[in-house]
Amino acid sequence: MMDYLDVRRYDPDDDAHRRLAELSREAHRLAANDQDTTETQREIDRQAALLWSLGTDELAAITARP
């Protein structure tokens, strides 16, 4: 599956990659302390959309929450 997706290996020199890693650590920290991760998850979505050059409509379509 990964052969067909545009998912690059983590590059510690890439600002976007580092930011996503920081946000992931923050989300895990919040979850471990039974705190709300909603805003952190939304920021992860926004940063991933930037990394993959997704537009606002595309991001909204894939992150629509019921």
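Fair warning: this is a prediction, and the values are worked out from it, not measured in the lab.

Chemist: I would appreciate a short explanation of the overall build of the protein in the present structure.
Modeler: Broken down by element type, the protein carries 3 helices and 0 strands. Listed N to C, the secondary structure of the protein is α-α-α in terms of helices and strands. Expressed along its principal axes, the backbone C-alpha trace of the protein runs to roughly 35 × 30 × 25 Å. Expressed as a percentage of the 66 residues in the protein, the buried residues total 23%. Pairs at least 24 residues apart make up 29% of the contacts formed inside the protein by residues separated by at least 6 positions. Counting every atom, the protein has about 5,400 Å² of accessible surface; 51% of that belongs to carbon and sulfur. Between the mean site of the 9 positive side-chain charges and the mean site of the 15 negative ones, the protein shows a separation of 3 Å.

Chemist: In this structure, what is going on with helix 2 (residues 38–51)? I would like to understand it.
Modeler: The periodicity of an α-helix, 3.6 residues per turn, causes residues three or four places apart in sequence to face the same way. Between its first and last C-alpha, helix 2 extends 20 Å over 14 residues, near the 20 Å set by a 1.5 Å rise per residue. Residues Thr40, Glu43, Gln47, Ala48 and Ala49 constitute the buried set of helix 2. For helix 2, the elements touching its buried residues are helix 1 (15–32) and helix 3 (56–63). Just past helix 2, the residue Ser53 takes up positive phi, approximately 55°.

Chemist: Would you mind going over the pattern of salt bridges with me for this structure?
Modeler: A side chain of one charge can pair with a side chain of the opposite charge if their charged atoms are brought near each other. Enumeration over the complete set of coordinates arrives at 5 salt bridges. Among the salt bridges present, the one from Arg19 reaches Glu22, with a minimum N-O distance of 3.7 Å. Linking Arg19 with Glu22, this pair stays in helix 1, spanning 3 residues, or about one helical turn. For Arg19, a relative accessible area of 32% corresponds to the partly exposed category. Look at Glu22 and you get partly exposed, because its relative accessible area is 38%. Across the pair Glu26 and Arg29 runs a salt bridge whose closest N-O atoms are separated by 2.7 Å. Linking Glu26 with Arg29, this pair stays in helix 1, spanning 3 residues, or about one helical turn. Residue class for Glu26 comes out partly exposed when judged on its relative accessible area of 29%. Overall, the relative accessible area of 41% leaves Arg29 in the partly exposed class.

Chemist: Is there a simple way to explain the side chain of Thr37 in this structure?
Modeler: With respect to the helices, strands and loops of the structure, Thr37 is situated in the loop between helix 1 and helix 2. Apart from residues no more than four positions distant in its own chain, Thr37 is found in contact with Ala27, Leu30 and Ala31.

The rules we used
Every residue gets a number counted from 1 within its own chain, in the order that chain's sequence is written. Where totals are concerned, whole chains, interfaces and linings use all residues; where local detail is concerned, this predicted model gives features only for residues with pLDDT of at least 70, and gives and counts side-chain atom pairs only at 80 or more. Hydrogens are left out, water is left out, and the side-chain values use all remaining heavy atoms of the structure. Only DSSP runs of H or I covering at least 4 residues are called helices, and only runs of E covering at least 2 are called strands; the numbering of each starts at the N terminus. Between buried and exposed lies partly exposed: a residue is buried under 20% and exposed over 50% of the maximum accessible area for its type, with that area taken using a 1.4 Å probe on protein chains only. Residues are treated as being in contact if the distance between any of their heavy atoms lies within 4.5 Å. Per-residue and other accessible areas follow the Shrake-Rupley method at a 1.4 Å probe size, with only the shown protein chains counted as cover for residues. When charges are counted, Lys and Arg are positive and Asp and Glu negative, with His and the chain ends excluded. For this purpose, a charge sits on NZ of Lys, CZ of Arg, CG of Asp or CD of Glu. Here the expected length of a helix is defined as 1.5 Å per residue gap, with one fewer gap than residues. Salt bridges are defined as contacts in which a side-chain nitrogen from Lys or Arg sits within 4 Å of a carboxyl oxygen from Asp or Glu.

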